[in-house]
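A structural walkthrough
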Protein chains: 2
Amino acid sequence: MAKKYVYFFGDGSAEGDARMKDLLGGKGANLHEMTNLRIPVPGGFTITTEACVEYYKRDRQYPEGMWEEVEENLAKLERAMGARFGDPKDPLLVSVRSGARVSMPGMMDTVLNLGLNDVTIQGLIQKSGNERFAYDSYRRFITMFSDVVLGLERLDFEELLEAKKREQGVKLDTELDASALKELVAQYKARVREKLGREFPQDPKEQFRLAINAVFESWDNPRAITYRKLHNIPGEWGTAVNVQAMVFGNLGESSGTGVAFTRDPAAGEKRFFGEYLMNAQGEDVVAGTRTPQAIETLKEAMPAVYEELEEIYKGLEAHYRDMQDIEFTIQDGRLFMLQTRTGKRTAFAAVKIAVDMVREGLIDEKTAVLRVEPHQLDHLLHPMIDPKAKVKVIAKGLPASPGAAVGKVVFSAEEAEAGLAKAEKVILVRTETSPEDIGGMHAAKGILTARGGMTSHAAVVARGMGKCCVAGCGDITVFEGDGRFVTTKGITVKRGDFITLNGSSGEVILGQVALVQPELSGDFATLMGWADQFRRLGVRANADTPKDARVARDFGAEGIGLCRTEHMFFEGDRVDAVREMILAAELEGRKRALAKLLPMQKADFKGILEAMEGLPVIIRTLDPPLHEFLPQKEEEVQDLARKMGVPEEKLRAKIAALHEFNPMLGHRGCRLGVTYPEITEMQARAIFEAACELAREGKRVIPEVMIPLVGHVRELALQKELVVKVAEEVMREYGVRVEYMVGTMIEVPRASITADEIATEAEFFSFGTNDLTQMGFGLSRDDAGKFLPAYIEKGILEDDPFITIDRGGVGELVRIGIEKGRSTRPDLEVGICGEHGGDPRSVEFCHQVGMDYVSCSPYRVPIARLAAAHAVLKEQVKIVEMGEK
Amino acid sequence: MAKKYVYFFGDGSAEGDARMKDLLGGKGANLHEMTNLRIPVPGGFTITTEACVEYYKRDRQYPEGMWEEVEENLAKLERAMGARFGDPKDPLLVSVRSGARVSMPGMMDTVLNLGLNDVTIQGLIQKSGNERFAYDSYRRFITMFSDVVLGLERLDFEELLEAKKREQGVKLDTELDASALKELVAQYKARVREKLGREFPQDPKEQFRLAINAVFESWDNPRAITYRKLHNIPGEWGTAVNVQAMVFGNLGESSGTGVAFTRDPAAGEKRFFGEYLMNAQGEDVVAGTRTPQAIETLKEAMPAVYEELEEIYKGLEAHYRDMQDIEFTIQDGRLFMLQTRTGKRTAFAAVKIAVDMVREGLIDEKTAVLRVEPHQLDHLLHPMIDPKAKVKVIAKGLPASPGAAVGKVVFSAEEAEAGLAKAEKVILVRTETSPEDIGGMHAAKGILTARGGMTSHAAVVARGMGKCCVAGCGDITVFEGDGRFVTTKGITVKRGDFITLNGSSGEVILGQVALVQPELSGDFATLMGWADQFRRLGVRANADTPKDARVARDFGAEGIGLCRTEHMFFEGDRVDAVREMILAAELEGRKRALAKLLPMQKADFKGILEAMEGLPVIIRTLDPPLHEFLPQKEEEVQDLARKMGVPEEKLRAKIAALHEFNPMLGHRGCRLGVTYPEITEMQARAIFEAACELAREGKRVIPEVMIPLVGHVRELALQKELVVKVAEEVMREYGVRVEYMVGTMIEVPRASITADEIATEAEFFSFGTNDLTQMGFGLSRDDAGKFLPAYIEKGILEDDPFITIDRGGVGELVRIGIEKGRSTRPDLEVGICGEHGGDPRSVEFCHQVGMDYVSCSPYRVPIARLAAAHAVLKEQVKIVEMGEK
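Residues numbered from 1 in each chain as written. Chains lettered and ligands numbered in written order. Predicted model: local features only at pLDDT ≥ 70, side-chain atom pairs only at ≥ 80, totals over all residues. Heavy atoms only, no water.

A word on the pairing of strand E17 (residues 404–410) of chain B
Residue and element names in this part refer to chain B. In terms of burial, E17 is largely enclosed, as 6 of its 7 residues are buried. As paired elements, E17 and strand E24 (residues 498–502) share 5 bridges and run antiparallel to each other. Paired with Gly 407 across the strands is Ile 499, a residue of E24. (Buried < 20%, exposed > 50% of the residue type's maximum accessible area, 1.4 Å probe, protein only. Helix = DSSP H or I, 4+ residues; strand = E, 2+ residues; numbered from the N terminus. Pairing = 2+ DSSP bridges.)

Details of the pattern of salt bridges
Pairs may arise between side chains of opposite charge once their charged atoms sit close together. Summed over the entire model, instances satisfying the criterion amount to 162 salt bridges over all chains. Asp 147 of chain B is the partner of Arg 154 of chain B in a salt bridge, and the nearest nitrogen-oxygen pair spans 3.3 Å. Take Arg 154 of chain B: its relative accessible area is 28%, and that puts it in the partly exposed class. On the basis of relative accessibility, which here comes to 25%, the residue Asp 147 of chain B falls in the partly exposed class. In this structure, Glu 158 of chain B engages Arg 154 of chain B in a salt bridge whose closest nitrogen and oxygen atoms are separated by 3.4 Å. Separated by 4 residues within a single helix, Glu 158 of chain B and Arg 154 of chain B lie in helix H6 (residues 154–168), roughly one turn from each other. Several salt bridges converge on common partners, so that one network encompasses Lys 602, Lys 606, Glu 610, Arg 685, Glu 689, Glu 693, Glu 697, Lys 699, Lys 725, Glu 729 and Glu 733 of chain A. (Salt bridge = Lys/Arg side-chain N within 4 Å of Asp/Glu carboxyl O.)

Topic: the interface of chain B and chain A
The interface of chain B with chain A comprises 50 residues on the first partner and 50 residues on the second. For the pair chain B and chain A, the two sides together bury roughly 4,300 Å², of which 59% comes from carbon and sulfur. Among the residues of chain B in contact with chain A, Leu 665, Arg 750 and Ile 796 of chain B are the three that bury the most area, contributing 14% of the side total. At the junction of chain B with chain A, the criterion picks out 4 salt bridges. Between Arg 714 of chain B and Glu 798 of chain A there is a salt bridge, and its shortest N-O distance comes to 3.1 Å. (Contact = heavy atoms within 4.5 Å. Buried area = accessible area lost by both parts, 1.4 Å probe.)

A short note on the confidence of the model for chain A
Across chain A, the average pLDDT comes to 91, with 97% of residues at or above 70. Confidence estimates for the predicted assembly give a pTM of 0.80 and an ipTM of 0.79. (pLDDT = per-residue confidence, 0-100.)

Some words on the sheet that holds strand E23 (residues 492–494) of chain A
Residues and elements named next belong to chain A. Reading across from one edge, E21-E22-E23 is the order of the 3 strands in this open sheet, with antiparallel pairing throughout. Edge positions in the open sheet fall to strand E21 (476–479) and E23, since each of these has one partner strand only. Going across the sheet, the axis of each strand differs from the next one's by a mean of 20°, ignoring polarity. In this structure, strand E22 (residues 484–487) lies alongside E23, joined through 3 bridges in antiparallel fashion. Considered in E23, the bridge of Arg 484 is made with Lys 494. (Axes fitted to C-alpha atoms, helices over the stretch in contact; angles between N-to-C directions.)

A look at the state of the cysteines
According to the stated counting rule, one finds 0 disulfides over all chains in the structure shown. Of the cysteine sulfurs around Cys 833 of chain A, a residue in no disulfide, the closest is that of Cys 846 of chain A, at 11 Å. (Disulfide = S-S within 2.5 Å.)

A closer look at the relation of the copies chain B and chain A
Of the transformation placing chain B onto chain A, the axial shift is 0.3 Å and the rotation is 179°, giving an RMSD of 0.4 Å. Both copies are brought into coincidence by an operation consistent with a two-fold rotation axis. Considering only C-alpha atoms, the residue of chain B closest to the rotation axis is Asn 662 of chain B, which sits at 2.2 Å. When the interface residues of chain B are mapped onto chain A, 100% of them again lie at the interface, so the same face is used by both copies. (Least-squares fit on C-alpha atoms with pLDDT ≥ 70 in both.)

What to know about the packing of aromatic side chains
One pair of aromatic rings is described through two measures. These are the centre distance and the angle between the planes. Following the criterion strictly, the structure yields 40 aromatic pairs over all chains and no others. On the basis of an interplanar angle of 80° and a centroid distance of 6.5 Å, the ring pair of Phe 45 of chain B and Phe 208 of chain B is categorised as edge-to-face. In this pair, Phe 45 of chain B is assigned in strand E3 (residues 44–47) and Phe 208 of chain B in helix H8 (residues 204–218), connecting sequence segments 163 residues apart. The pair formed by Phe 45 of chain B and Phe 208 of chain B is uniform in burial state, with each residue classed as buried. Within the aromatic cluster, the residues linked to one another by ring pairs are Phe 45, Tyr 55, Tyr 56, Tyr 62, Trp 67, Phe 85, Phe 208 and Phe 216 of chain A. Of note, Lys 4 of chain B hangs over the ring of Tyr 7 of chain B, and the distance from its end group to the ring centre comes to 4.8 Å. Sitting over the ring of Tyr 853 of chain B, Arg 540 of chain B keeps its end group 4.0 Å from the ring centre. (Phe/Tyr/Trp six-rings, centres within 6.5 Å; stacked < 30°, edge-to-face > 60°. Lys NZ or Arg CZ within 6 Å of the ring centre and 35° of its normal.)

In structure tokens form, the structure reads like this:
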């Protein structure tokens with residue numbers, strides 16, 4: 001049997017349902033589902049994602065039989081609607097929309113009013129008795145079709161529209177009358193002719209075919225590719241095409257269109273939340289060209305419609321057991337649903353909705369935990385504006401995506417990306433954003449737009465990204481070309497000036513404002529409590545100071561997975577003692593300098609161990625190459641020489657002698673400890689003196705000494721011998737015992753490969769996946785910027801391997817390391833302390849390979865906790881699914 | 001039953017034999033064997049290596065029961081010799097010598113005349129009736145015992161000896177009479193008292209115990225450790241102790257001692273070859289303090305002894321089926337054998353002796369192949385003095401170790417090692433060498449000594465190292481302190497002056513002389529022919545020019561395993577085109593520059609492919625980072641800017657932009673090809689145009705294109721697609737087909753780990769073990785000099801992993817890579833092109849893991865061929881041994 005490429009829905013029954021998202025796309029599957037639920041949905045059909053995949057496989061040819069199926073379904077739709085496509089008397093008009101498995105705002109979305117031409121418009125006028133409506137539809141059709149199918153600029157037409165409004169002395173397009181719109185249509189067609197050198201397509205079937213092709217092609221446009229990359233959507237999925245009979249929100253003042261959420265997508269409160277516009281088509285609401293009305297006002301304006309809408313949205317939420325994002329059109333007082341989908345929400349709302357729905361009995365705790373994406377928490381966990389800060393609010397817009405952001409103002413996506421490349425914090429300010437801006441929005445700390453509502457592009461995308469956004473800020477006028485914006489109060493903010501955004505209040509604040517961490521209690525704590533019940537992985541934090549350690553503990557860290565001692569070496573005048581040590585020619589001189597460092601290190605360790613009382617603290621011995629501690633600039637060298645009382649020449653010679661071609665692979669890590677055992681000795685003494693002093697106070701402290709950059713078991717054996725010797729010595733001196741372990745970072749590929757040998761000495765492994773990625777991939781993180789973007793663009797790599805662990809290669813080294821390590825020491829404690837430890841997908845991997853814990857930066861601890869719970873729950877889901885098959 | 005720690009030999013039978021080397025040490029096992037062969041050997045016993053190992057395990061205590069066994073055996077020896085140890089009337093004297101499994105000249109060797117004291121000497125005088133002999137023996141004993149057991153300086157005593165000779169107006173120690181020697185003994189004892197603050201030990205049992213301890217301890221002295229490192233001798237083996245009744249070569253003019261080889265150890269000729277000294281003990285011959293007589297003269301001096309010696313040496317060679325190095329002593333006209341062992345020989349002699357012995361029917365071809373150590377060939381394959389060169393011979397010494405060497409003169413081991421560290425070629429010049437000089441001898445290109453014979457320390461060690469040596473050059477006087485030597489002709493050569501040594505003729509030549517390659521025919525060709533029959537591994541060469549390719553082919557290379565195309569990029573004015581390409585901002589500019597390079601690359605490839613007609617040639621696409629092609633020095637930058645007609649600032653900016661923190665892990669290898677596909681395209685075109693032109697001439701050429709630094713299969717897939725496209729295009733243009741393959745280097749750890757995926761694209765793998773070691777070990781070769789020596793010294797690493805492949809780690813990555821690669825492509829061609837390809841132990845590894853070939857520098861091709869044969873033959877030996885067990 002030939003493959004079925006088209007699925008029909010209409011008249012209360014549909015060939016598909018909500019479970020068929022892979023085949024029908026998200027939008028399509030839900031249209032079928034709603035039809036089956038007897039919700040009023042205009043009839044139509046869905047061309048499957050498989051058809052799209054085949055289209056690409058066949059070098060951009062429709063799969064065999066597809067077009068025939070499309071024509072059959074079109075005929076069926078004609079019969080259902082009692083109108084014929086292209087009929088000069090009573091033309092059926094359709095909408096054509098793309099719809100992938102998951103919503104992709106960066107893609108070509110919609111062509112409305114398809115089927116109109118110079119002949120069928122007469123039929124539409126006659127049938128509707130509304131010439132204004134017909135020409136309004138035609139001008140819309142030409143604009144959208146030209147934009148998304150013919151590749152012209154929307155601006156080309158908006159220019160003419162604006163001119164016409166000026167000419168007619170009106171402000172809104174709804175104020176243009178039929179003759180003005182008719183003239184506009186003629187101008188539009190002329191503009192198409194002028195730009196393309198050919199007429200606007202008049203054949204409805206040709207329009208239809210071109211629109212289908214455009215949807216298929218949109219799957220591979222650069223915006224869609226960028227979006228897929230940002231959201232890890234496989235390129236092989238393809239998009240479905242939804243064809244639906246048109247219903248018209250622009251038929252006059254008893255018609256309209258709107259979008260709404262079944263709960264507040266920003267705050268998560270259980271209230272109907274949305275906007276609508278009368279006498280408009282859907283695009284008007286989303287584009288933000290007219291400011292829409294709040295959904296509540298519909299209750300008064302059209303009570304019956306509102307009541308029906310209320311019943312439907314409540315039913316949909318109960319049916320889907322999740323917050324829905326819906327689109328509707330009112331045609332002459334009659335309600336039609338055009339879309340329902342799981343609504344995007346802020347992290348804050350996600351947590352609240354998930355916890356509320358458990359309380360409401362809609363979902364269970366596991367589902368609630370799975371409802372919040374770990375990476376979303378990043379948003380919640382980032383600083384908010386300090387309530388005690390004095391702020392100068394210069395404008396106010398819509399609180400489109402909460403959180404706060406401080407940065408320099410930029411006016412284009414390119415500038416934002418350039419800023420990111422220079423590690424600058426920037427705020428992207430635009431009149432309104434479009435899918436072209438996605439890269440820049442990603443790069444910016446926050447987004448400010450002058451136009452658009454809570455469901456405008458900027459707002460939706462920013463919420464998806466968990467990024468602070470103030471949208472529709474009518475108080476400002478943006479002059480992108482000039483690089484400035486001006487507030488209604490007359491304040492000018494130029495490119496490079498600092499502003500602060502409060503995405504929760506919509507305030508735009510001049511200058512840099514202090515930010516603080518929000519309280520992590522209430523629903524958040526409830527949800528995290530559930531997550532903690534489900535997860536198997538422990539979560540520790542990477543922290544180098546007592547302060548960070550306390551923050552980490554507040555965030556739920558169950559220990560310190562990495563305390564980098566070198567950070568302590570740089571602080572204040574300690575670096576002088578370090579430099580003295582480096583410059584000492586003899587062991588004795590080095591020991592003298594180290595003796596100065598000992599009390600400082602000891603105080604640091606004491607602070608951290610105390611903050612983590614009762615929990616393990618992994619302290620890594622000195623890691624970076626010594627040249628990092630010496631100055632490079634000529635004047636700094638002169639200063640230092642004076643300070644140290646050494647000849648400049650001697651200092652320069654030392655710096656030159658320490659120079660390395662590849663410092664990453666040079667004299668660092670345990671190699672320092674092997675060549676200068678006195679450094680390890682000093683550090684071990686500082687650790688155990690700190691621990692013993694606390695132990696004498698009756699505190700339980702658990703230091704774990706970690707030797708970095710071990711590639712050979714004998715390196716570890718030598719360093720361990722030293723640490724154990726000092727530990728035993730110090731404990732004898734203090735007359736107390738502390739629990740401790742000596743282990744190693746696994747960050748050199750050879751260490752993974754020989755982990756069985758290394759585990760004979762190591763009591764724990766901590767995978768340093770930053771360096772393991774650098775060495776395993778042969779990729780210097782500092783230098784990869786020159787080619788890694790090309791690698792991702794050309795599809796060589798799906799992800800930046802420094803963000804998400806490369807499972808096939810580096811991950812395999814981790815797997816081998818764990819397996820081999822446990823083969824000789826079954827109770828080996830295994831964790832990760834690379835930055836991957838805070839990346840949700842990498843955390844899932846760590847769970848799968850059987851680590852004991854992950855360790856990440858304090859602010860990512862809750863993300864890791866949630867990701868660890870997801871890893872367990874997804875495994876259970878998989879087991880259930882396998883059981884069902 | 002308790003372990004047996006002591007084995008007796010004497011009176012025509014022995015408890016051990018030659019097969020027991022592991023237990024009795026080489027020297028001991030052969031003493032037992034000779035005893036069993038009824039060869040006259042002074043009786044004695046051997047304390048086993050196990051006793052030594054136990055001694056260390058028990059924290060420097062004798063194992064239980066050992067001392068009792070020693071006493072029993074001493075009593076047995078007393079009975080056999082009819083004399084008692086410490087007997088004031090007729091004292092038994094013994095020698096105590098160390099003896100590991102293999103000969104280790106760096107270790108404590110011998111204490112002779114042990115058992116003498118102020119009382120027993122009277123017995124010796126009485127018994128021998130020779131007071132002079134007795135005091136000569138006593139002064140020797142004090143010197144040796146003080147040196148090797150008490151830790152004093154030999155020089156302390158030699159000073160006194162020299163003073164005594166001056167006082168007596170004699171030149172040789174044999175000219176000192178009894179009373180002078182008696183006085184000397186008194187002075188020696190006083191010197192010991194003065195230096196140690198206690199008397200020279202008088203109790204023979206204490207002497208004995210101290211000597212045994214000293215032998216055990218000598219196993220761990222720094223010289224021995226260095227020697228073991230240089231020769232890869234495990235530290236766990238331990239040494240045996242041989243105790244033998246003394247026979248005396250210093251009993252007068254009918255006594256003497258000598259060392260000899262059963263064939264010429266330098267030239268390999270079948271003739272008895274050795275030296276002896278009358279009225280001397282063994283140390284006198286080896287130390288080179290008196291110049292000994294050639295062995296032939298013994299025939300006249302003592303015909304009966306010579307006849308017996310001849311019979312014994314011939315018997316020993318026939319028995320051992322190998323050239324023997326023997327030591328003997330004549331006591332009052334009676335011959336005693338003190339040692340036989342396999343004689344060290346030059347590479348030249350090793351080849352000749354092996355081939356001769358096959359012709360003589362003594363050994364088979366396999367044994368002959370195994371008789372020549374692959375690394376020895378290095379010696380044969382290195383340049384000799386150009387026979388056409390005009391040389392200024394300033395002195396002549398003994399041709400102690402053949403070959404030629406050019407270098408700057410240095411006068412101490414430290415200077416030699418410092419020179420090596422600066423990559424300077426140095427010649428070590430010493431009056432005579434001692435075991436302390438081993439490191440320096442290793443570092444030097446050649447060794448020149450003023451004193452000592454063909455069996456002096458310098459000569460033996462140099463031959464073992466395959467290093468050019470002129471020994472016993474009486475024409476020169478060395479003033480180490482002044483840093484100069486002066487010839488008898490009055491020429492002064494100072495530190496840093498260049499000299500050339502001819503180790504085959506003994507000539508010392510002023511200045512730098514041109515060297516040439518010897519002919520590789522005759523016995524060498526015969527032996528290599530046998531080796532080729534046995535080996536399974538193919539051997540290719542790394543060559544970048546047609547000239548190198550021809551040299552390689554002459555040396556037996558069966559293809560090119562690595563042709564580095566970047567070398568061609570540096571040559572002459574090509575680098576200008578390369579720089580033009582780098583500086584071009586746009587693709588078009590790069591293509592223009594590449595078009596200039598195309599004909600040059602093509603000509604190179606044509607030359608190499610032609611030289612290797614009929615054999616495969618692996619050509620690697622561009623590998624180094626682009627910044628390597630740009631100048632760094634300010635004036636060069638200015639020059640280039642002028643030349644290229646670009647502003648200096650622009651050039652500097654480009655250089656800065658290309659700077660990398662870790663170039664090893666940066667934008668190089670296939671990453672260049674991915675970001676600049678036009679480079680790969682140009683190179684592919686050059687390769688295939690060259691190949692097609694040759695194919696049109698009817699020549700069979702087999703290019704194999706190798707993509708470097710692949711870490712992910714998709715990198716290779718992209719580059720391969722490009723190469724195949726160009727190859728097919730060019731072949732169409734030329735209307736011919738050439739066989740070709742596209743493969744990859746496996747040099748990134750991730751490539752090994754994902755070799756199964758990579759092999760789906762790669763038609764061959766070539767392991768780039770240089771980079772694989774750098775990345776797998778996290779070790780930058782350029783920077784490792786700062787800590788690798790400490791690593792080897794502290795025993796963390798046994799070998800420099802850049803010389804001999806690290807089997808446990810990097811080797812494991814290779815093994816995994818091969819296994820995974822063949823899992824998806826069973827006929828995958830696998831080779832190695834890192835420098836390990838020319839290291840014998842690494843070649844053995846390559847054989848064991850099932851590679852198809854190794855590739856190395858042209859001059860190492862014969863070494864690899866022989867090593868590959870050894871790998872097979874050793875496997876067979878192992879199988880036979882396992883079968884026997």
